[in-house]
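Residues per chain are reported as follows:
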There are 2 protein chains.
Amino acid sequence: MKIQIVEVGPRDGLQNEKEMVSTSAKIQLIDKLAAAGLKRVEATSFVNPRWIPQLADAEDVLKGIERQNKVTHSALVPNLRGMERARESGLTEVALFMSASETHNLKNINKSIEDTFPVLRQVAREALALGMRVRGYVSTVFGCPYEGNVPIDNSRRVTNELLEMGVFEVSLGDTIGVATPKQVREVMEKIVKDTTSDRLAGHFHDTRGTGLANVLAALDTGIRTFDSSIGGLGGCPYAPGAAGNISTEDLVYMLNGMEYETGVDLNLLLDAGAFIQQELGRELPSKVLKAHLAAQTASSSHSNQEDGA
Amino acid sequence: MKIQIVEVGPRDGLQNEKEMVSTSAKIQLIDKLAAAGLKRVEATSFVNPRWIPQLADAEDVLKGIERQNKVTHSALVPNLRGMERARESGLTEVALFMSASETHNLKNINKSIEDTFPVLRQVAREALALGMRVRGYVSTVFGCPYEGNVPIDNSRRVTNELLEMGVFEVSLGDTIGVATPKQVREVMEKIVKDTTSDRLAGHFHDTRGTGLANVLAALDTGIRTFDSSIGGLGGCPYAPGAAGNISTEDLVYMLNGMEYETGVDLNLLLDAGAFIQQELGRELPSKVLKAHLAAQTASSSHSNQEDGA
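Residues numbered from 1 in each chain as written. Chains lettered and ligands numbered in written order. Predicted model: local features only at pLDDT ≥ 70, side-chain atom pairs only at ≥ 80, totals over all residues. Heavy atoms only, no water.

Quick reminder of the rule: UniProt positions are given in the numbering used here, feature names are shortened, and annotations may be inferred rather than shown by experiment.
As annotated in an unreviewed UniProt entry, chain A is Hydroxymethylglutaryl-CoA lyase from Brevibacillus nitrificans. Turning to chain A, the UniProt record has this under Sequence similarities (unreviewed entry): "Belongs to the HMG-CoA lyase family."

Structural data, given as structure tokens:
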């Protein structure tokens, strides 16, 4: 069975990095991800650079990367101004975003949920008129840092509004990484009923170690598209130091091991992970990357340490 | 539904620590784990101290901890000499161990699988005669660092031999952390058929991030007992730097969130995790512990950093 992986590291991951990453490193990363077999890569964001200086080089990144027919590069677009920049960069896919919880939406977008709809509708209309595909993100589906529990009906409403705007797929986000598999099953089952499972994606953060277990639960509900981040890049802005998105390496390891078809070559993916870890100069959360690099070190030092018991 | 958690941090975790941990710290850790509501704690090992100097203080640890009726403390016992030490320490439960793969058994126990059975049988007989409960561990059930793939029938054979010796429960170990949920389901389903699910436990390492997903898969097969390690203590001796056992904090977070009854108070558990992290002076792998400590830091510094997008 085929699984689509949407690589969000260059955007959702890097936007959380304090130290500026060079445009050249971003370009190399994105090209390595494509080379590993990832067919959908969210490359950058057209949010106002004042808010995310790290991604202010969006145009240059998109100019530098290798455009291939096999790979769809996309970018986050908050409004018509962002949409215009995306068009000028020749993108064929953009992504809209908003939250399922009022307070998070207000803090993040500076608008109420109700006032966000018309803005996004206008952007979607414009993108569709230009022949682009439009993706939608819903944040805080499984919990809000301000409101705590988020009623499923809030997420359903936002999801359905986005679908009506013409987005081809809505990514349901566990923004702060609090979900457990039981909740994932319950939420996904309800939202799937409003549409079809191929129009939904799971976007999990591994802040509490449940990321891949949540993927497993979502698979049970028919979801076949998952967002992940190379190296497990990305943090949780409400808990500095905590882990970010589920790692693409870990996701691919699990899915390939379960005989799902991801189309991704894990070894090439690990090259991409090692590359960006080296660039950032700190150990990234991906466990498969850690195990891979540790095994390399061990074999190169011919360690003969044995198991104690 | 009730889940039993077997805390193996003080043994399986600490035995991998190079720096000596003080006896006093071990005692405090074990008592904190019991205070958090863990009813089964593997406290130490009676393996020859020459092989595991870190646990050479087994007698002193068992003398120092608070013995309560509610909590069963156990220790690893490799042979009659170890059994004698366990008896002198007044333990009511011991654990035997061997591997499902020939090469790992040979490297770890210095005997073939065939030659290990009579030794363990003798220890089991002695322990049962003394009125003790005997647990069994099978290592490398999901993969061997020397042989790679391990046939399920090997694991079944070793498991069944241990059950025939009178062990009340066999813990099936993913020693090197390579399992994926599909494999866990297949292996567990077959082994469960030879006995009953309440006589089996899942012992997963989180070396590749699949630990909690594997727990979820094992739950599907009826397994209700899981081994885990406070803080995610423990390493993989074949890949220094890689992650060890699944973290008790992460496991409890997931299970409590799914409304399973673990009997464990997550806040008290986090105190135990923070304590041993402080003692060891390095960041432990547990993600829930990381998120908890990061949130504490954030709230104490009144950070007002906002989400970028």
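We are not done yet, so read on.
**A closer look at the sheet that holds strand E6 (residues 169-174) of chain A**
Strand pairing in a sheet takes place through backbone hydrogen bonds and is either antiparallel or parallel in direction. Residue and element names in this part refer to chain A. Defined as follows: At least two DSSP bridges between two strands are needed for those strands to be called paired. Labels follow the DSSP assignment, with helices taken as runs of H or I lasting at least four residues and strands as runs of E lasting at least two, numbered in each case from the N terminus. Working convention: axes come from line fits to C-alpha atoms, limited for helices to the stretch in contact. Angles between N-to-C directions cover 0 to 180 degrees. Pairs of residues are marked as contacts when any of their non-hydrogen atoms sit within 4.5 Å.
If you trace the eight strands once around the closed barrel, you get E1-E2-E3-E4-E5-E6-E7-E8, paired in parallel fashion. Neighbour-to-neighbour, the strand axes of this sheet turn through a mean angle of 25°, independent of strand direction. Judged from the three bridges that link them, strand E3 (residues 72-76) and strand E4 (residues 93-99) form a sheet pairing that is parallel. Across the sheet, serine 74 pairs through a bridge with glutamate 93, a residue of E4. The sheet contacts of helix H6 (residues 113-129) involve E4 and strand E5 (133-139), and relative to E4 the element is tilted by about 175°.

**Brief notes about the pairing of strand E1 (residues 4-7) of chain B**
When a strand is regular, its side chains alternate between the sheet's two faces. All names here are of chain B. Two strands pair when backbone bridges link them, and E1 and strand E8 (residues 225-228) are joined in this way by four bridges, in the parallel orientation. In the sheet register, valine 6 faces E8, and the bridge partner there is aspartate 227. As paired elements, E1 and strand E2 (residues 40-45) share two bridges and run parallel to each other. When the bridges of E2 are listed, valine 6 appears paired with arginine 40.

**Let's talk about the packing of helix H9 (residues 211-220) of chain A against helix H10 (residues 248-257) of chain A**
Residue and element names in this part refer to chain A. What counts, and what does not: By the definition adopted for this analysis, an angle is roughly parallel if under 35 degrees, roughly antiparallel if over 145, roughly perpendicular if from 65 to 115, and oblique otherwise. For a crossing to be left-handed, the near helix must be turned anticlockwise from the far one by less than a right angle; the clockwise case is right-handed. Residues are grouped as follows: Ala, Val, Leu, Ile, Met, Phe, Trp, Tyr, Cys and Pro are nonpolar; Asp, Glu, Lys and Arg are charged; all remaining types, including Gly, are polar.
Axis separation between H9 and H10 bottoms out at 11 Å; the angle between their running directions is 45°. By the angle class used here, H9 and H10 are oblique. Crossing hand, H9 versus H10: right-handed. Here Leu212, Val215, Leu216 and Leu219 of H9 lie close against H10, whose contacting residues are Asp250, Leu251, Met254 and Leu255. Split into classes, the residues belonging to the contact of H9 with H10 amount to seven nonpolar, no polar and one charged.

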